[in-house]
Amino acid sequence: MITHHPTPDFLMAYSAGSLPEAFDLIVATHLSLCDTCRAEVGSYDALGGALLDTTAAAELTGSGIDRLLTGITSDRLPGDDSAAPPSADPDLPVPLAAYVGARLKDVRWRPVGMGVKQAILPTAPGATARLLFIPAGTAVPDHGHRGTELTLVLRGAFEDCGGRFARGDVELATPETDHMPIADITEDCICLAVTDAPLRFKGLLPRLVQPFLKI
Ligand SMILES: [Zn+2]
């Protein structure tokens, strides 16, 4: 059962479409595993829709409507995930599969020390997404948090002063966070970790939420 969720700031910014790609990816991955947060994002989406309804309409030209209709008939409908590639690995939620490939075991890991391995995922600049492989019973080598870091567990579990984090759980670390995550002794732990540009942390969340409030 998932007990650690992204903060409302992240869910709201996800709904507003204002998150950097790497953060968008980790929130989407959590939502695919968490009914509670999916419902919360749904309520933010509804609020955004209500705001759009009260916004003065901009005129759409005839050719614009034609393009839109062509897109609707040739593409999948919103909410229809049948076009998404199925994930061959039960540990790999669909939003991640597009970045990783079909299976976690095919990931091209690079060692970072103490048996820990990582694989950087291709996302837009502004934030970085990486998969982390932490051998069972291993403590993650010290890595300072100079910005915001979100960590989502895909397989296994880890524990630190913030509690125990298992599949689907998200931990938020900030420069004030001082912790040493240790993987469960019973199983290797695989996580998705996302960080932003270190020096831009101070204004990150206000910046993310701003476009939403301006809709
Ligand atoms: Zn959640």
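Further up the page is the structure itself.
Before going into details, it helps to say that this report is about the structure given with it. Bear in mind that the values here come from a model prediction, so they are computed numbers and not experimental data. All residue numbers here refer to positions counted from 1 along the written sequence of the relevant chain. For this predicted model, a pLDDT threshold of at least 70 governs which residues receive local features, and a threshold of 80 or more governs which side-chain atom pairs are given and counted, while totals over whole chains, interfaces and linings are taken from all residues. Water and hydrogen atoms play no part in the side-chain values, which are based on all heavy atoms of the structure.

## Points about unusual backbone geometry
For step 1, the next point in the chain: The backbone of Met114 sits at a positive phi, close to 60°, despite the residue not being glycine.
For step 2, the next point in the chain: Counting through the fold element by element, Met114 comes out in the loop between strand S1 (110–113) and strand S2 (116–121). Runs of E in the DSSP output that reach at least two residues are strands. Runs of H or I that reach at least four are helices, and both are numbered from the N terminus.

## What to know about the coordination of the zinc ion
For step 1, the next point in the chain: Donors, by definition, are the N, O and S atoms found within 2.8 Å of a metal, the threshold being 3.2 Å for Na, K and Ca, and water is not counted, so a site can look incomplete. Each protein donor to the zinc ion is listed here as His5 (ND1), His30 (NE2), Cys34 (SG) and Cys37 (SG); together their distances run 2.0 to 2.3 Å.
For step 2, the next point in the chain: Mapped onto the sequence, the residues coordinating the zinc ion show the spacing H-x24-H-x3-C-x2-C. By the burial criterion, His30 is buried, and Cys37 matches it. Only protein chains enter the accessibility calculation, which uses a 1.4 Å probe; a residue is then buried when its area is under 20% of its type maximum, exposed when over 50%, and partly exposed in between.

## Section: the nonpolar core
Nonpolar side chains in soluble globular proteins tend to be buried together.
For step 1, the next point in the chain: Only buried residues count toward a nonpolar core, which is a set of Ala, Val, Leu, Ile, Met, Phe, Trp, Tyr and Cys residues joined through side-chain atoms within 4.5 Å. Membership of the largest hydrophobic core comes to 35 residues, with the highest contact counts inside it found for Leu96, Leu121, Leu131 and Leu192.
For step 2, the next point in the chain: Listing elements by their share of this core, those giving two or more residues are helix H1 (8–16), helix H2 (21–31), helix H3 (35–53), helix H5 (94–100), S2, strand S3 (127–134), strand S4 (149–155) and strand S9 (189–196).
For step 3, the next point in the chain: Sort the elements by how many residues they give to this core and H2 lands first, with six residues.
For step 4, the next point in the chain: Contacts are residue-level and defined by heavy atoms, with any inter-residue pair within 4.5 Å sufficient. Ignoring any residue separated from it by four or fewer positions in sequence, one finds Leu131 in contact with Val100, Leu104, Val107, Trp109, Lys117, Gln118, Ala119, Leu121, Leu154, Cys191 and Leu192.

## Points about the pattern of salt bridges
For step 1, the next point in the chain: What counts as a salt bridge is simple: a side-chain nitrogen of Lys or Arg found within 4 Å of a carboxyl oxygen of Asp or Glu. Under the criterion given, the structure shown has four salt bridges.
For step 2, the next point in the chain: Salt-bridge contacts for Arg38 lead to Asp35; the nearest nitrogen and oxygen are separated by 2.5 Å. Taken together, the residues span about one helical turn, with Arg38 and Asp35 both in helix H3 at a distance of three residues.
For step 3, the next point in the chain: By relative accessible area, Arg38 is classed as partly exposed at 40%.

## A short note on H1
For step 1, the next point in the chain: Buried within H1 are the following residues: Phe10, Leu11, Ala13 and Ser15.
For step 2, the next point in the chain: One or two positions beyond H1, positive phi appears at Gly17, with a value near 75°.

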